[in-house]
Amino acid sequence: MKHTLKLSVQPAEGAILRIIGLVERRGFNLVRIDADRSGADEQLYMELDVVSPSRSIDVLKRQLEKLYDVINVLLLNTNSDQFEIKESKAC
Amino acid sequence: MNGAQLIVAALEEEGVEVVFGYPGGAIMPVYDALHDSGLRHILSRHEQGSALAADGYARATGRTGVCMATSGPGGTNLVTGIANAYADSVPMVAITGQVATPLMGTDSFQEVDIFGITMPVVKHSFLLRDVADIPRVIREAFRIASEGRPGPVLIDLPKDVAVAETDAHPLLAGPQPAPKLPDAAAISRAAELLRNAERPVLYAGGGIAIAGAVDAFRRYAETSGIPVVATLKALGALPTRHEQFIGMLGMHGTRAANNAVQNADLLVCVGARFDDRATGRLDGFAPLAKVIHMDADPAEVSKLRVADVALLGDLSGTLERLPAAEIDVDPWMAQCEREREECRPRYDAPGEGVYAPAMLRELTEAAGDDLVLACDVGQHQMWVAQHCHIDRPDRHLTSGGLGTMGFGMPAAIGAQLGNPDKQVVCITGDGSIMMNVQELATINRYRLPIKILLLDNSCLGMVRQWQDLFFDGRRSEVELDDNPDFVRVAESFGIPAFCVERRDEVPAAIDRLLNTEGPVLAHVRIDPQANVWPLVPPGKSNSTMMEEA
Ligand SMILES: Cc1ncc(C[n+]2csc(CCOP(=O)(O)OP(=O)(O)O)c2C)c(N)n1
């Protein structure tokens, strides 16, 4: 099943690699990547479409939230188009 | 002040006392700054030894271990130690020298992208491009390494940044953030599951020691009366001689512990992560049980086994808030205890040769309460877990997640430097000791009173056992009959050593090992055919344990 993740990211050294590397290492295939840092706030925004035959997207979301450069992860709920909002930084 | 001096000052500000490392070109400014600092630098003889010693120091003291190395090969030599800390959630800060920023990306001498190489095995990493960032980066590195679920943090320091002048000052450590706790609704859902359980089991994991939650765990276990099983890294969370302790679970666990989990109707997972060595075949693990999962790391919940209730946050605080079950666990406890007694190991193996499990047990019986065991990896590591008395998890240092041969001696060095008054014993094998044999020089250099028990079966025993059991006995590259004379090896490093060949020599050997002043090595010959029993074959359920034929 395909999922879309939207991330806002602190533009730090290696942040993009860290995110992409984590997604692939945790057993997901990336089918689309979009990254944009051209906005006035200089923040990095990423959108990832990922698929996995077996792994849980919720776990991937929590693994991404643990990255220190990642400010926020939204999981585009494929059924209802609703966003799940992250409450607090993972410990 | 230059960048290197600022780094050293910031380390002191963090309360660092000992750093483990090895110098070289790119990190020379930091080594120069060490001259004028209060830091004690321990020179290992290979950067892997530095990283693993920092890891052992952290495990034995609960403080963040620090290691450093130069660029290129210095950094790559650290990698195994960093990965080891990552796999076992050990707080560590690793500092690597890097070529000057104008040279980075030009394939210059001793340039390696250590930031990139270590990315999958660090909790976080920094590349210091600006000297003004040093105070913030050091503060952040120590905070990240130790908070929540700890882990290693790498700081890559280019040489031009290290020599740049600055008037910045170290940042003072701020107050610790209040520990996070699970919400009351989750606690009451967990309490509800506990109320309705008939056969609950506490599944203790390495997170208990990491979170400093041993006391809270013991209080909860004792007031609830629930039987306890432990992973390799949680041994000692309840003393292994405690009446409620049923055993280690998993591949080389006890039948009683595995049965307790298989029959449980509620599994209370405390800081464990359903590792495959503990669970065996996952879909056959605890098939009847609901799961309460306590962890500091939200990403562990439902990663491998779906939790019915997740209690996220500080383990001590969680355990203190969880009501003890108001149920009668006595009949269930009695059943678990009965099984434990039925599968007690025997120590009366036939023959005259040294029986390693018996020797290890006698060693921990003879040693005092202040014993710290640092293990290497292989059969001897499992025998320690199965047969030694372990009273606290921070007294049993073992490479659980990565299974790094060569961990034992450096870990013992770190543990001894962190606990000068404790008795540190390194249990190693003839394969493992050679992985970091050069650290005998470190033990000698600082005259660390480490006792080394080398169990020599003239082979890579654990691999030999698997080849015998699962590859039709086709032995491939496991015989080590050309080992050096280990007594002479130790002596040539300035460490007294002696040989033990027969069972009747064991009591005197233990006495000599524990009571020799300074470092000493006992080279013990054991049966090359001895196996670790029982065993759950790889990929099988924990209900299918193989016993000795
Ligand atoms: C660095 C490293 N390489 C290879 C292995 C695979 N391995 C696991 S146990 C083992 C044999 C260990 O031999 P030894 O230290 O003599 O201990 P024994 O099993 O004989 O007690 C090997 C090769 C490992 N765990 N770590």
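Keep in mind that what you see is a predicted model, and the values were worked out from it rather than measured. The residue count restarts for each chain, going from 1 along the sequence in the order it is written. Here every chain gets a letter starting at A, and every ligand a number starting at 1, in the order they are written. A pLDDT threshold of at least 70 governs which residues receive local features in this predicted model, and a stricter bar of 80 or more applies before side-chain atom pairs are shown or counted, although totals over entire chains, interfaces and linings include all residues. Neither water nor hydrogens contribute to the side-chain values; these are computed over all heavy atoms in the structure.

1. A closer look at the sheet that holds strand S15 (residues 423-429) of chain B
Residues and elements named next belong to chain B. The strand order S14-S13-S15-S16-S18-S17 describes an open sheet built from 6 strands, whose pairing is parallel. Across the chains shown, the open sheet's two edge strands, defined by having one partner strand only, are strand S14 (396-397) and strand S17 (497-500). Pairs of strands are assigned from DSSP output, requiring at least two bridges between the strands. The helix count covers DSSP runs of H or I at least four residues long, the strand count covers runs of E at least two residues long, and both are numbered beginning at the N terminus. The pairing of strand S16 (residues 451-456) with strand S18 (residues 520-525) spans 6 bridges and is classified as parallel. Residue Leu455 lies in a different strand from S18, and its bridge partner there is Val524. We call two residues in contact when some of their heavy atoms are within 4.5 Å. The axes are straight lines fitted to the C-alpha atoms, using for helices just the contacting stretch, and the angles between their N-to-C directions are given from 0 to 180°. The strands touched by helix H22 (residues 506-515) are S15, S16, S17 and S18; relative to S17, the strand with the most contacts, the crossing angle is about 160 degrees.

2. Side note on the environment of Ser125(B)
By the secondary structure assignment, Ser125(B) is in strand S5 (residues 124-127). When the C-alpha atoms of Ser125(B) and Leu319(B) are compared, they prove to be 32 Å apart, with 194 residues separating the residues in sequence. With residues up to four places along the chain from it excluded, the contact list for Ser125(B) reads Arg18(A), Phe115(B) and Leu154(B).

3. What about the domain arrangement of chain B?
Residues and elements named next belong to chain B. Domain start and stop positions are those given by an automatic or database domain assignment. Once the domains are mapped, chain B shows domain 1 (3-163), domain 2 (184-342) and domain 3 (356-525). One C-alpha centre belongs to domain 2, the other to domain 3; they are set 30 Å apart. We define buried area as the total accessible area lost by two parts upon association, computed with a 1.4 Å probe and summed across both. The contact between domain 2 and domain 3 buries some 1,400 Å² in all, and 60% of this surface belongs to carbon and sulfur atoms. Per-residue buried area on domain 2 facing domain 3 is highest for Leu232, Arg241 and His252; these three make up 40% of the total on that side. When a carboxyl oxygen of Asp or Glu lies within 4 Å of a side-chain nitrogen of Lys or Arg, that pair is called a salt bridge. On the surface where domain 2 and domain 3 come into contact, there are 1 salt bridge. Taking the shortest distance from any N to any O, the salt bridge between Arg241 and Asp391 comes out at 3.9 Å. Polar contacts, as used here, are pairs of N or O atoms within 3.5 Å; protein pairs need one atom able to donate a hydrogen and one able to accept it. Residues neighboring in sequence count only if both atoms are side-chain atoms. For the pair domain 2 and domain 3, the interface holds 4 residue pairs in polar contact (both at pLDDT 80 or more).

4. Some words on the interface of chain B and chain A
Each partner contributes residues to the interface: chain B has 23 residues there, and chain A has 15 residues. Along the contact surface separating chain B from chain A lie 2 salt bridges. Its salt-bridge partner being Asp297(B), residue Lys66(A) comes within 2.6 Å of it at the nearest N-O pair. Between the two partners, chain B and chain A, sit 6 residue pairs in polar contact (both at pLDDT 80 or more). Among the secondary structure elements, those contributing two or more residues to the side of chain B that touches chain A are S5 and helix H6 (134-146) of chain B. With 3 residues, S5(B) is the largest single contributor of residues to the side of chain B that touches chain A.

5. Considerations on the site of the ligand
All names here are of chain B. Throughout, the term near means that a residue has one or more heavy atoms lying within 4 Å of the molecule or strand in question. Gln379, Gly403, Gly431, Ser432 and Gly461 are the nearest of the 17 residues found near the ligand. Met462 has a polar backbone atom sitting 2.9 Å from an oxygen atom of the ligand. Protein burial of the ligand: of its 590 Å² of free accessible surface, 76% is covered by the chains. When contributions to the shell around the ligand are tallied by element, the ones reaching two or more residues are helix H16 (379-387), helix H18 (432-435) and helix H20 (461-470). The greatest single-element share of the shell around the ligand, amounting to 3 residues, is contributed by H20. Here the term charged refers only to Asp, Glu, Lys and Arg, the term nonpolar to Ala, Val, Leu, Ile, Met, Phe, Trp, Tyr, Cys and Pro, and the term polar to all other amino acids, Gly among them. Each residue belonging to the shell around the ligand can be placed in one class, and the counts come to 7 nonpolar, 9 polar and 1 charged. Accessible surface area values rest on a Shrake-Rupley calculation with a 1.4 Å probe, where residue burial reflects the displayed protein chains alone.

6. A few points about H20(B)
Residues and elements named next belong to chain B. Whether a residue is buried, partly exposed or exposed follows from its accessible area with a 1.4 Å probe, protein chains only, as a fraction of its type maximum: under 20%, in between, or over 50%, in that order. Residues of H20 that are buried: Gly461, Met462, Arg464, Gln465 and Gln467. Contact partners of the buried residues in H20: H16. Immediately beyond the C-terminal end of H20, within one or two residues, lies Asp472, with a positive phi of roughly 55 degrees.

7. A look at the pattern of salt bridges
Counted according to the given criterion, the structure contains 35 salt bridges over all chains. Across the salt bridge formed by Arg219(B) and Glu320(B), the nearest N and O atoms sit 3.5 Å from each other. Of this pair, Arg219(B) sits in helix H10 (residues 214-224) while Glu320(B) sits in helix H13 (residues 315-321), placing them 101 residues apart in sequence. Arg392(B) is paired through a salt bridge with Asp394(B); the nearest N and O atoms lie 3.5 Å apart. On the basis of relative accessible area, Arg392(B) is assigned to the partly exposed category, the value being 25%. Taking relative accessible area as the criterion, Asp394(B) reaches 26% and is therefore assigned partly exposed. Connected through salt bridges with shared partners, the residues Lys2(A), Lys6(A), Arg32(A), Glu47(A) and Asp49(A) form a single ionic network.

8. Some words on the layout of surface pockets
Over the atoms, a rolling probe the size of a water molecule traces out where space has been left empty. Residues and elements named next belong to chain B. Put simply, the grid is 1 Å and covers the protein atoms alone, a cavity is a trapped set of points that fit a 1.4 Å probe, a pocket is an open set with protein on both sides within 12 Å along at least five of seven lines, and lining residues have an atom within 4 Å of a point. Grid points are joined across faces, edges and corners, and a volume is the space filled by probe spheres set on the points. Reported here for the second largest pocket is a volume of approximately 1,200 Å³. Looking at the second largest pocket, it is lined by 46 residues, and the ones nearest its centre are Pro345, Arg346, Tyr355, His387 and Trp533. Residue composition of the lining of the second largest pocket, by class: 20 nonpolar, 12 polar and 14 charged. If you count residues domain by domain, the lining of the second largest pocket takes at least three from each of domain 2 (184-342) and domain 3 (356-525).

9. A word on the sheet that holds strand S11 (residues 290-295) of chain B
Residues and elements named next belong to chain B. Here we have 6 strands laid out as an open sheet, ordered S9-S8-S7-S10-S11-S12, and parallel in their pairing. The open sheet has two free edges, formed respectively by strand S9 (245-248) and strand S12 (309-312), since each of these has just one partner strand. Pairs of neighbouring strands in the sheet enclose a mean axial angle of 20 degrees, with direction left out of account. Here helix H8 (residues 184-195) sits on the sheet and contacts strand S10 (266-270), S11 and S12; the angle it forms with S12, its principal contact strand, is near 130 degrees.

10. What to know about the packing of helix H3 (residues 47-61) of chain B against helix H4 (residues 73-87) of chain B
All names here are of chain B. In the contact formed by H3 and H4, the axes pass within 7 Å of each other and the chain directions differ by 30 degrees. The angle between H3 and H4 places the two elements in the roughly parallel class. When the axes of H3 and H4 are compared, the crossing they make is right-handed. Across the interface between the two elements, Glu47, Gln48, Ala51, Leu52, Asp55 and Arg59 of H3 pack against Gly74, Asn77, Leu78, Thr80, Gly81, Ile82, Asn84 and Ala85 of H4. For the contact of H3 with H4, the residue count by class is 5 nonpolar, 6 polar and 3 charged. For classification purposes, angles smaller than 35 degrees are called roughly parallel, those larger than 145 roughly antiparallel, those between 65 and 115 roughly perpendicular, and all remaining angles oblique. Note on convention: the crossing is left-handed when the near helix lies turned anticlockwise from the far helix by less than a right angle, right-handed when the turn is clockwise.

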